[in-house]
Amino acid sequence: APAQPFGNPLRLKGEFWEKGKLYKKEEEDLPDDAATLLSDLRGLQSALASLEELVDDGRYDKLQTQLRGGRFSESALRLRANAVVGIIEDEQAEYEAQALLSKFLRRLDALDNAVVAAGRRSSPDKGVSSTLGLSMISPFLAVNEVIRANNEPEFGGDPRIEVLSELQDAVAALAAFIKVAARGVAGGTT
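Residues numbered from 1 in each chain as written. Predicted model: local features only at pLDDT ≥ 70, side-chain atom pairs only at ≥ 80, totals over all residues. Heavy atoms only, no water.

1. Let's talk about the confidence of the model for the protein
Rules: The pLDDT score gives, residue by residue, the confidence of the prediction method on a 0 to 100 scale. Counting from the N terminus, the helices are the DSSP runs of H or I reaching at least four residues and the strands are the DSSP runs of E reaching at least two. Only heavy atoms enter the contact rule, under which two residues are in contact if any of them lie within 4.5 Å.
Counting all residues, the mean pLDDT for the protein is 78, and 65% of those residues have values of 70 or more. Least confident of the elements in the protein is helix α6 (residues 128-137), whose mean pLDDT is 50; most confident is helix α1 (residues 34-49), at 95. Every residue in residues 125-132 scores below 50 in pLDDT, and together they form six contacts with partners more than four places removed in sequence or on other chains.

What follows is the structure, encoded as C-alpha cells:
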C-alpha cells in the first residue's frame, strides 16, 4: 500500500516541527452564513451519533481516535458553534445558546472521560502498564493518572452502558444547542 501523508493528526495550530520539517497549518476558513454553519454543526452531530457502533463493539481505542479528530472534531465544532453564537443578535437568545454550548462541552468531556475509563477497565491489565510507562516519562502525570483511575466509578458490569449513556447525552445536548442557535439566528427568542 502506498504511504499516506502524515498531515496533522494532533490538530496542532501554527508552525511546528514534525518529522524533521517545518509544518505550517493553514487557517481554516469558516463560512460567513449561518445556514452553512448550522449545516456543518448538524453534520458534526451526525458524526458524533455515528460513533455508537464503536461503543456497541467495545472498541474504545478506536472510539477515542474518532472522538478526537477522526469522524468528529471538537475544534471544528467549537469554531462553528462560537461563530453561530456570534451571529445571534438577541441578547437572551445568545445567552441561552452559549449556556447550551457550555452544557454540551461538559457532556463531551464526560463522554471522553467515560471512554478513557472504559478502555482502561477493558484492558487485560486494567491500565497498569500504561500508567507504569507514564511514570518513567513523567512521575507527576502518572500520579494524576492513578488518582483519576481511583476516582472512576466502578459499574461492575458492561462499561458500554456508561459510554453509550454519555454519548447519547452529548448528542442530545448538541441537538438542543443547534435548535436554540438556529432559532436565535432566525431572529426568534426561545
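2. A closer look at the pattern of salt bridges
Rules: By definition, a salt bridge exists where a carboxyl oxygen of Asp or Glu is found within 4 Å of a side-chain nitrogen of Lys or Arg. For each residue, the accessible area found with a 1.4 Å probe, counting protein chains only, is set against the maximum for its type, and the residue is called buried under 20%, exposed over 50%, and partly exposed in between.
With the rule as written, the count across this model stands at seven salt bridges. Of the charged contacts, one joins D57 and R59 as a salt bridge, the two residues approaching to 3.6 Å between their closest N and O atoms. According to the relative accessible area criterion, R59 is partly exposed, its value standing at 38%. Linking D169 and R107 is a salt bridge whose minimum nitrogen-to-oxygen distance equals 4.0 Å. With D169 in helix α8 (residues 159-185) and R107 in helix α5 (residues 91-122), this residue pair connects regions lying 62 residues apart in the sequence. Residue classification places R107 among the partly exposed residues on the basis of a relative accessible area of 23%. Through salt bridges that share partners, R107, E166 and D169 make up one connected network.

3. A look at the environment of G58
Inspection of the secondary structure assignment puts G58 in the loop between α2 (52-57) and α3 (60-67). Given the relative accessible area of 27%, G58 is considered partly exposed. Measuring from C-alpha to C-alpha, the distance between G58 and R160 comes to 6.5 Å, with 102 residues separating the pair along the chain.

4. Let's talk about helix α4 (residues 74-87)
Think of an α-helix as turning once every 3.6 residues; residues three or four places apart then point the same way. Just so we agree on the cut-off: To estimate the expected span of a helix, count its residues, drop one, and scale the result by 1.5 Å. What the arc covers is the set of directions going from the helix axis to the C-beta atoms.
With 14 residues, α4 extends 20 Å from end C-alpha to end C-alpha; this agrees with the ideal 20 Å at 1.5 Å per step. Inspection of α4 places A76, L77, R80, A81, V84 and V85 among the buried residues, and these make up the whole buried set. Seen along its axis, α4 keeps its buried residues to an arc of 155°; they face one direction. Looking at the buried residues of α4, the elements they touch are α1, α5 and α8.

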